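Breakdown of the fold
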Amino acid sequence: MQQVPVMRMCISCRKTYDRKDLLKITKDHNEGIMFQKGMGRSAYICNSEKCYSDSKIKKKLQKALKTCLEPEFIEIFEKEITSYNDHSNKGI
Ligand SMILES: [Zn+2]
């Protein structure tokens, strides 16, 4: 049985991708900002360097998540996206 991919839009390039190829950032109701999990308003970013290293990415995320992000966020975000990309490159 084939599964129909769930398509989501990258908030940076505005292209749609299969959800599993995107990094999901969620503003969880209880936990705050979470990556790949959590319940609440979410934004998706594709793994193209142009998108995640965009200097306006924080602004775009704040707008998409309707929240104010901590200055530390970008640091965590960069770590997350790097480990996420390592993962996809290894084909796991
Ligand atoms: Zn993108």
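Residues numbered from 1 in each chain as written. Predicted model: local features only at pLDDT ≥ 70, side-chain atom pairs only at ≥ 80, totals over all residues.

Our focus in this paragraph is the overall build of the protein. Along its length, the protein carries three helices and five strands. Beginning at the N terminus, the succession of helices and strands in the protein can be written as β-β-β-β-β-α-α-α. Projected onto its principal axes, the C-alpha positions of the protein cover 40 × 25 × 25 Å. For the protein, buried positions account for 18% of its 92 residues. In the protein, the proportion of contacts linking residues at least 24 apart, taken out of those at least 6 apart, comes to 44%. (Helix = DSSP H or I, 4+ residues; strand = E, 2+ residues; numbered from the N terminus. Buried ≥ 20, exposed ≤ 12 C-beta atoms within 10 Å, placed from the backbone. Contact = placed C-beta atoms within 7 Å.)

Let us now look at the confidence of the model for the protein. The share of residues in the protein with pLDDT of 70 or more is 95%, and the mean pLDDT across the chain is 91. In the model of the protein, helix α3 (residues 73–90) stands out as the element of lowest mean pLDDT, 83, in contrast to strand β1 (residues 7–9), which has the highest, 97. (pLDDT = per-residue confidence, 0-100.)

With that settled, the discussion passes to the environment of Met-9. Summarising the element assignment, Met-9 is placed in strand β1. Residue Met-9 is classed as partly exposed on the basis of its C-beta count, with 16 C-beta atoms lying within 10 Å. Distance in space between the C-alpha atoms of Met-9 and Gln-36 is 15 Å, their sequence separation being 27 residues. Ignoring sequence-local partners within four residues, the contact set of Met-9 consists of Arg-14, Thr-16 and Tyr-44.

For the rest of this paragraph, the subject is the sheet that holds strand β5 (residues 40–46). Read from one edge of the open sheet, three strands run β4-β3-β5, paired in antiparallel fashion. Single-partner strands in this sheet number two, and they are β4 (32–35) and β5. Strand-to-strand twist of the sheet, defined as the mean angle between neighbouring strand axes without regard to direction, takes the value 20°. Alignment of strand β3 (residues 22–28) against β5, held across seven bridges, turns out to be antiparallel. (Pairing = 2+ DSSP bridges. Axes fitted to C-alpha atoms, helices over the stretch in contact; angles between N-to-C directions.)

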